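# Coordinates in review
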Amino acid sequence: QVQLVESGGGLVQAGGSLRLSCVSGGWSSVYGMAWFRQAPGKEREFIAWISSSAGGTYYADSVKGRFTISRDNAKNTVSLQMNSLKPEDTAAYYCAAGRAGLSRFATSYSYWGQGTQVTVSS
């Protein structure tokens, strides 16, 4: 069964850091992986993408320089290191897998996790 499971969310003060993880089965090593987030009342927003080999990454302008995406295919894990967090980063964060290459569009991704909540207090 295809499954992505996120963890690592929580409550943090502005300026703090969190590290999100997304664990999958061995199938995900051939997929590009991405992180999205969705705040209440807002559309799902692309955050970061990493290629299957980890040779390429791409970030939304809103998180560039603060967030880092990485993956360890041996452990079937994709991570999102989030530093210098801001209250506007508060959202549910989702990992996704897709074979269409780099894409900022949620429709390009075939598989999704259940999400993990990140709340940043001011």
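Everything below is about the structure printed above this text.
Let me begin by describing the structure that accompanies this report. The numbers attached to residues start from 1 for each chain and follow its sequence in the written order. Per-residue local features are limited, in this predicted model, to residues with pLDDT of at least 70; the limit for side-chain atom pairs, both in listing and counting, is 80 or more; totals at the level of whole chains, interfaces and linings are taken over all residues. Side-chain metrics in this entry use all non-hydrogen atoms of the structure; hydrogen atoms and water are not considered.

Next up on the list: the pairing of strand β7 (residues 67-72). Per-residue accessibility, obtained with a 1.4 Å probe over protein chains only, is compared with the maximum for each type, and a residue is labelled buried under 20%, exposed over 50%, and partly exposed between these values. What counts as a helix is a DSSP run of H or I of at least four residues, what counts as a strand is a run of E of at least two, and both are numbered from the N terminus. Going residue by residue along β7, you find F67, I69 and R71 tucked away on one face and T68, S70 and D72 left uncovered on the opposite face. Of the pairings in the sheet, the one linking β7 to strand β8 (residues 77-82) comprises 6 bridges and is antiparallel in character. Across the sheet, the residue bridging to R71 is V78, located in β8. Counted along the chain from β7 to the antiparallel partner β8, the turn is 4 residues long, and its residue N76 has a positive phi close to 55 degrees. Here, any two strands with at least 2 DSSP bridges between them count as paired.

Here E43 is to be found in the loop between β4 (32-38) and β5 (45-50). Only heavy atoms matter for contacts: two residues are in contact if any of them lie within 4.5 Å across the pair. Residues contacting E43, with those up to four places away along its chain left out, are R37 and Q38.

In terms of nonpolar packing, the biggest core is built from 33 residues, with M33, W35, F67, I69, L80, M82 and Y93 touching the most fellow members. Elements with a minimum of two residues in this core: β3 (18-24), β4, β5, β7, β8, β9 (91-98) and β11 (116-121). Leave out the neighbours within four places in its chain, and M82 touches G16, S17, L18, L20, R66, F67, Y93 and V118. We call a set of buried Ala, Val, Leu, Ile, Met, Phe, Trp, Tyr and Cys residues a nonpolar core when their side-chain atoms join them within 4.5 Å.

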